[in-house]
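Residue-level structural notes
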Amino acid sequence: MLKKIIDEVKSLSIGYYILAVIAAAGLSVAGYRLYAGLGTTTNLSKAFPWGVWISFDLSTVAFSGGAFTLAALVYVFHLHELHSAVRPTVLVGLIGYASVLLILFMDLGRWDRFYHFLIYPNLNSALFEVSWCIMLYSTILIYELSPVLLKNSRWSGAIKIIEKWTIPMVIAGVTLSTLHQSSLGTLFIVMSPRLHALWHSMLLPVFFLISSLAAGLAMVIAGAILSYWIFKRTLAENVQAELAWFIPWILSIYLVLKVGELEITDELHLLFSSGKYSTLYLTELALLVVPLILFAIKRVRHSRGWSLTGAAFVLAGVVLNRFNASWFAIKPVAGEMYSPSWMEVAILIGVLATAVLAYSLIAHYFPLFEETVPVERPPKRQPSLAQTGD
Amino acid sequence: MSETTSNGNEYGFLIDASRCIDCRACLVACSVENEVPMETTRIWIQETGVQGEFPNLARFSAPYHCMHCDDPSCVSACTVGALQKGDDGIVTYDQDRCIGCRYCMYACPFQVPNYEWKEQLPLIVKCDMCVSRLSDGHSIPACAATCPTDAIIFGKKSDMLAEAHRRIDQNPGKFMNHVYGETENGGTATFYISPVPFAELGFPAADEASPAYFNRLVTHGTPTVAGAVAVGLSSVYLTIKHHAEATAQGVGAAHGQNQAGPNEAEGAVVGTAVPQNPDLPQAAQGQEA
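This write-up is about the structure you can find in this document. All residue numbers refer to positions counted from 1 along the written sequence of the respective chain. The order in which chains are written sets their letters, starting at A; the order in which ligands are written sets their numbers, starting at 1. Predicted model: local features are reported for residues with pLDDT of at least 70 only, side-chain atom pairs are reported and counted for 80 or more only, and whole-chain, interface and lining totals are derived from all residues. Based on all heavy atoms of the structure, the side-chain values leave hydrogens and waters out of the count.

**Some details on the overall build of chain A**
- Along chain A, the regular secondary structure elements total 18 helices and two strands.
- Computation of the radius of gyration draws on C-alpha atoms alone. For the globule rule, the value is 2.2 Å times the number of residues to the power 0.38. Here chain A has a C-alpha radius of gyration of 22 Å; the compact-globule value for 390 residues is 21 Å, and the two agree.
- Projected onto its principal axes, the C-alpha positions of chain A cover 75 × 50 × 40 Å.
- Three labels apply to residues, based on accessible area from a 1.4 Å probe with only protein chains included: buried if under 20% of the type maximum, exposed if over 50%, partly exposed otherwise in between. Classification of the 390 residues of chain A by burial places 56% in the buried group.
- Any two residues whose heavy atoms approach within 4.5 Å at even a single point are treated as in contact. A separation threshold of at least 6 residues defines the contact pool for chain A, and within that pool the share at least 24 residues apart is 78%.
- Note on areas: Shrake-Rupley, 1.4 Å probe, and residue coverage restricted to the protein chains presented here. Surface exposure of chain A reaches about 16700 Å², of which carbon and sulfur atoms provide 72%. The helix and strand labels rest on DSSP assignments: H or I over at least four residues marks a helix, E over at least two residues marks a strand, and numbering proceeds from the N terminus.

**Remarks on the sheet that holds strand β1 (residues 11-16) of chain B**
All names here are of chain B.
- We call two strands paired when DSSP finds no fewer than two bridges between them. With mixed pairing, the three strands of this open sheet are ordered in space as β8-β1-β9. This sheet does not close on itself; its edge strands, each paired only once, are β8 (152-156) and β9 (190-193). Ignoring which end each strand starts from, the neighbouring axes of this sheet average 20° apart.
- Relative to β9, β1 is paired through four bridges, and the arrangement is parallel. From the neighbouring strand, Asp-16 faces β9, where its bridge partner is Ile-193.
- Geometry is summarised by axes, namely lines fitted to C-alpha atoms with helices restricted to the contacting stretch, and by angles between N-to-C directions that run from 0 to 180 degrees. In the packing of helix α6 (residues 157-170) onto the sheet, the strands contacted are β1, β8 and β9, and the crossing angle to β8 comes to about 130°.

**Side note on the side chain of A:Arg301**
- Here A:Arg301 lies in helix α15 (residues 298-301).
- Buried A:Arg301, no salt bridge; nearest opposite-charge side chain is A:Glu242, N-O distance 9.8 Å. All tallies of charge rest on Lys and Arg as positive and Asp and Glu as negative; His and the ends of each chain are not included. Salt bridges, as used here, are contacts in which a Lys or Arg side-chain nitrogen is within 4 Å of a carboxyl oxygen on Asp or Glu.

**Notes on the interface of chain A and chain B**
- Contacts between chain A and chain B engage 71 residues on the former and 65 residues on the latter.
- Where chain A abuts chain B, roughly 5700 Å² becomes buried across the two surfaces, and 62% of that area is made up of carbon and sulfur atoms.
- The largest contributions to the chain A side of the interface with chain B come from A:Lys46, A:Asn124 and A:Val190, which together make up 13% of the buried area.
- There are one salt bridge connecting chain A and chain B.
- A salt bridge links A:Asp107 to B:Arg102; the nearest nitrogen and oxygen atoms lie 2.5 Å apart.
- Any N or O atom pair separated by 3.5 Å or less is treated as a polar contact, with the protein-specific requirement of one donor-capable and one acceptor-capable atom, and with residues adjacent in sequence counted only for side-chain atom pairs. Where chain A packs against chain B, one counts 22 residue pairs in polar contact (both at pLDDT 80 or more).
- If one sorts the elements of the side of chain A that touches chain B by residue count, helix α10 (residues 166-186) of chain A sits on top with seven residues. Buried area: the accessible surface (1.4 Å probe) lost by two parts on joining, summed over both.

**Observations concerning the nonpolar core**
- Membership of the largest hydrophobic core comes to 146 residues, with the highest contact counts inside it found for A:Trp50, A:Phe188, A:Leu243 and B:Tyr103.
- Top element by residues in this core is helix α11 (residues 204-230) of chain A. It accounts for 13 residues.
- Boundary definitions for the domains trace back to an automatic or database domain assignment. Taken together, domain 1 (11-219) and domain 2 (222-288) of chain B each give at least three residues to this core, which thus spans both.
- Excluding anything up to four places from it in sequence, B:Tyr103 contacts A:Trp50, A:Ser125, A:Ala126, A:Leu127, A:Thr186, A:Leu187, A:Phe188, A:Val190, A:Met191 and B:Ala77.
- Here, nonpolar core refers to any group of buried Ala, Val, Leu, Ile, Met, Phe, Trp, Tyr and Cys residues whose side-chain atoms link them within 4.5 Å. One finds B:Ile15, B:Met67, B:Met129 and B:Ala151 within the second-largest nonpolar core, a separate group that totals 36 residues.

**Focus: a nonpolar patch on the surface**
Residue and element names in this part refer to chain A.
- Patch construction takes residues with relative accessible area above 30% that form no salt bridge. Like charges are linked within 9 Å, and nonpolar side chains (Val, Leu, Ile, Met, Phe, Trp, Tyr) are linked within 5 Å. On the surface, Met-1, Ile-5, Val-9, Ile-14, Tyr-17, Ile-18, Ile-22, Val-345 and Ile-349 cluster together to form a nonpolar patch covering roughly 850 Å² of accessible area.
- Every element with two or more residues in the nonpolar patch is listed here: α1 (2-11), α2 (14-36) and α17 (342-365).
- When residues of the nonpolar patch are assigned to their parent elements, the largest contribution, four residues, is made by α2.
- Tracing the backbone through its elements, the reader meets Ile-14 in helix α2.

**Some points on the environment of A:Ser84**
- Within the secondary structure layout, A:Ser84 lies in the loop between α5 (66-76) and α6 (86-107).
- Along the chain, A:Ser84 and A:Phe369 lie 285 residues apart, while their C-alpha atoms are 8.0 Å from each other.

**A short note on the packing of α5(A) against α6(A)**
Residues and elements named next belong to chain A.
- Their axes nearest at 8 Å, the elements α5 and α6 cross at an angle of 150°. In terms of their interaxial angle, α5 and α6 are classed as roughly antiparallel. Of the two possible hands of crossing, α5 and α6 adopt the one that is left-handed. The residues of α6 that touch α5, namely those facing Gly-66, Ala-67, Leu-70, Val-74 and Tyr-75, are Val-86, Thr-89, Val-90 and Gly-93. Comment on the angle field: the value is read as roughly parallel under 35 degrees, roughly antiparallel over 145, roughly perpendicular from 65 to 115, and oblique elsewhere. Helix crossings are classified by the rotation of the near helix relative to the far one: an anticlockwise turn of less than a right angle makes the crossing left-handed, while a clockwise turn makes it right-handed.

**Let's talk about the packing of aromatic side chains**
- Any two rings among Phe, Tyr and Trp, with Trp reduced to its six-membered ring, count as a pair given centres within 6.5 Å; such a pair is stacked if its planes are under 30 degrees apart, edge-to-face if over 60, and tilted if neither. Here the structure, examined in full by the defined rule, presents 35 aromatic pairs over all chains.
- On the numbers, 4.9 Å between centres and 70° between planes, the contact of B:Tyr115 with B:Trp117 is edge-to-face.
- Judged by relative accessible area, B:Tyr115 falls into the buried class, the value being 0%.
- B:Trp117 gets classed as buried once you look at its relative accessible area, which sits at 13%.
- Aromatic pair B:Tyr180 and B:Phe198: ring centres 5.1 Å apart, planes at 40°, arrangement tilted. On the criterion of sequence distance, the pair formed by B:Tyr180 in the loop between α6 and β9 and B:Phe198 in the loop between β9 and α7 (211-219) is long-range, its members being 18 residues apart. Comparing B:Tyr180 with B:Phe198, the two get one shared label, buried.
- A ring is considered to have a charge above it if a Lys NZ or an Arg CZ atom is located within 6 Å of its centre and within 35 degrees of its normal. Here the guanidinium or amino end of A:Arg194 rests over the ring plane of A:Phe48, the centre of that ring lying 5.5 Å away.

**Notes on the side chain of B:Thr41**
- You can see B:Thr41 is positioned in the loop between α1 (25-34) and β2 (44-47).
- Polar side-chain contacts of B:Thr41 include one of 2.7 Å to the backbone oxygen of B:Ile43.

**As for unusual backbone geometry**
- Residue B:Phe54 is joined to B:Pro55 through a cis peptide bond whose omega torsion reads 10°.
- Looking at the secondary structure, you find B:Pro55 in the loop between β2 and β3 (61-64).
- For A:Asp266, which is not glycine, the phi dihedral falls at a positive 60°.
- Here A:Asp266 shows up in the loop between α12 (237-264) and α13 (270-273).
- Phi at B:Asp22 takes a positive value of approximately 55°, unusual for a residue other than glycine.
- Using a relative accessible area of 17% as the deciding quantity, one classes B:Asp22 as buried.

**Points about the packing of α5(A) against α10(A)**
All names here are of chain A.
- Put simply, α5 and α10 touch, their axes get as near as 9 Å, and they point 145° apart. At the point where α5 passes α10, the crossing takes the left-handed sense. On α10, the residues touching Phe-68, Ala-71, Ala-72, Tyr-75 and Val-76 of α5 are Thr-166, Ile-167, Val-170, Ile-171, Val-174, Ser-177, Thr-178 and Gln-181.
- Asp, Glu, Lys and Arg are counted as charged, while Ala, Val, Leu, Ile, Met, Phe, Trp, Tyr, Cys and Pro are counted as nonpolar; the rest, among them Gly, fall into the polar class. Classifying every residue of the contact of α5 with α10 gives nine nonpolar, four polar and no charged.

Shown next as C-alpha cells:
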C-alpha cells in the first residue's frame, strides 16, 4: 500500500512538486505567525488594523461566486445545458472558501477562540453574519461536490440519496451566498468615517452582490479556458458563450447603480476632484467597461483568447474594487499608511499554492471534468496515414 | 436615531482642555489601575503643538479615551458581542469573548480601541470607566481621581453636560462655543470643552448620526432578505419545472411516446437539452441519460 502511494507520488509531474514546496514554505510562515502574534509578523497597526489578508478574502469570496451563480442558473432556472460547468466551478468555490477560512484564521488575534462566533452571537454585526454564512455555505459546497468524490469509491451508493436533496440544498446555498456576498459590503457601512465617500454607500451590499455574480461567471470562463491548456479539458463553446452572455447585463446594472448612486447622493463631483481616490475609482470603472463592451460582441463570446481577455478584465476590476474598499480607499490617520510585511505576503502565496495544488490533485484523481469536452489534439499527434486513408 | 435612550443613571466625563497641563499622571494612573503597559494605556494625550509667534506662544492638550457613545459603532460591529453598552452608560469589553478580529478598531469613529500588538495572543485595550473601581466603592475612575488640575471630572452624565455649558456661558471668550461629544456620533458620555477648535487638538470631526444606526438598517433587514430570496428561488424553480412538465406531456401526447412522469421532470428537461449539445462527450450523455 505504502509502495503504491510512493509510486503514485513519483509519477506526478514537476509542477506538483513546485507547488508543494511553495505551499510548505508559506504554511511554515503561517505557523510562525500563529506562534509569534500579529505585531511581530505583520505591518498592521492601530490606524490600519486590517490589511492585505482582508482584501484577499473579499476578492476570493467574489471569485468563488461562480458556484452559487451557476447553481442558480442550472438548477433553479433550469438552464441544464450549462450543467457541464457545475463540477469544476463548485470545486473552485469550495477551495476558494477554504482559502478564505485559512486566511481568516491567520487574521484572528485570538485564533485559539475562533469558535466563539458560534456561541456568542451579535445579530447586529455584519461580520457575525458573514462568519455563519461562510461556514454553512462551505458545508453545502462539500455536499454539492460529494458525488464527484464518492463516484469511484465503495460508498458510491450514497450518491443517489445525496442527489435527491440537490434542489433544496442548492436553494439554501444560493440564499446563503446572497446573504454573505452582500454582507461583505455591509461590513464597510459602519466604517463611514474611514472609507472614502466614493466607495461608502448604503448600497454597498448590493454592489458587492452584483459584482460577485460577474466575477463568479468570469472565473468560470477563465477557468474553462485555462483548463483547456492545463488539463486538456474544457467547456463546449456554446456553454462558455452562454455564460459570457450574462456578463454585459450584470456589469451594466452594476455600473449604472454605482454611478447613479453617486449622482443621487450628490457625490459625482468627487469622481474628478479626489486626486488618488479619483484615479482608483475611474480605473475600477474602466476595467469593467472594457469587458462590458467585449462580451457584448458575439465573436468575443465564441473566441477563447478574447473571452479570457474579457474575463481577466472583469476579475481585475472586481479585485481592485475589493482592495479599494478594504485598503486603498481607507483614509489614513495622521498620515500613517499601510503596506504588507513580507510574512503577510508569504502566507498568502503559500495558501494560494495550497489551493492550486488541491484543485490540481482533485482534478487528477476524481471525475471532475467528466462532462466537459476533451481538447482536440492538433493533427501531428494523430497517425496521419490512417487519417488520410479514411 | 439612537437605540439607547437615557435613563438618567449614566455616568459621564467632562474634560477641560484649558486646565490640562500635559503631566500625564492620568496615563500612569490608568496603567497602574488596569495593569497595562504605558504604550497601550486606555488613555492618551491629544495636543495642538506649539502655536503662535514668540513671545506669544501657546500649547493646548487634552487627555483622550473612549467616548462611551450613546449608540456605539463598536458594539454594533463586534462579531461576538464582547463590547456592550450598559445601563450605566459604560461601553464595556469582555476580554474572555474577544476573538481579535479588530472590526471595532475600524468601526470606531474616534479611533479609540487599541490593540496589544506585541502579545502572542493579543486583546483590545479600551477604557471602561474603571468599572471595577466604581463597583468596589471607589467613587471615580483612576484618571479623574489622579488629575491634579481637575481637567478630568467624573459624575452623572447629565451633570457633566450641564457643567460644560455652565463653564462656557460663565466664561465668555474663554472657550469655543462647542461641547465636543454632545452631538458627535449621535451623542457620547464624554464631553470636552476647549479654548481652541477641536480640529487643532486632532479630534476627528464625527457626524451627528452614529454609523451604527445605518449598520442596523441593513443588518436588521437580513432575515427578510433571506426569506424573500429562498421563497423567490423556490417559486422560480417550481414555475419553470411545472412549465417544462406541461410542455413535455404535451409533446408526449402528440407523438404517442412514453414521456417521463412528473417525478422525473428533471430527467425530462435534461433529455430535451441533450440534442442541443452535440459536442457533449459520451460520458456526459451516458450519465445524464
